[in-house]
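Overview (structure and organization)
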Amino acid sequence: MARFEEADNRIFKNVWICMRCNANNRGSEGSKPRRCRKCGGKKLRLKHKVKKK
């Protein structure tokens, strides 16, 4: 599958993953969400990007 800039931005930009329940949380423009939408946890990380070889 070909990957392009618009798809990468949609998939990875402002997407945070909860460390407790692995839920996807979309943040607003340039900001981290305060807590998880599913479990209420505060430990969030950015979604990992797949590196090109």
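This report concerns the structure included in the present document. (Residues numbered from 1 in each chain as written. Predicted model: local features only at pLDDT ≥ 70, side-chain atom pairs only at ≥ 80, totals over all residues. Heavy atoms only, no water.)

We now examine helix α1 (residues 5-12). Side chains that are three or four residues apart share a direction in an α-helix, a result of its 3.6 residues per turn. For α1, the complete set of buried residues consists of A7, D8 and F12. All buried residues of α1 fall inside an arc of 105° around its axis, so they share one side. Those residues of α1 that are exposed and angled more than 90 degrees off the buried face are E6 and R10. If you follow the buried residues of α1, they end up packed against β1 (15-18). Looking at the residues trailing α1, positive phi occurs at N14, about 60°. (Buried < 20%, exposed > 50% of the residue type's maximum accessible area, 1.4 Å probe, protein only. Helix = DSSP H or I, 4+ residues; strand = E, 2+ residues; numbered from the N terminus. Arc of directions from axis to C-beta. Contact = heavy atoms within 4.5 Å.)

Take the nonpolar core next. Across soluble globular proteins, nonpolar side chains show a tendency to be buried alongside one another. Of all hydrophobic cores here, the largest spans five residues; its members are W16, C18, A23, C36 and L44. Beyond its immediate stretch of four places on either side in the chain, W16 contacts A23, N24, N25, G27, S31, K32, P33, L44, R45 and L46. (Core = buried A, V, L, I, M, F, W, Y, C linked by side-chain atoms within 4.5 Å.)

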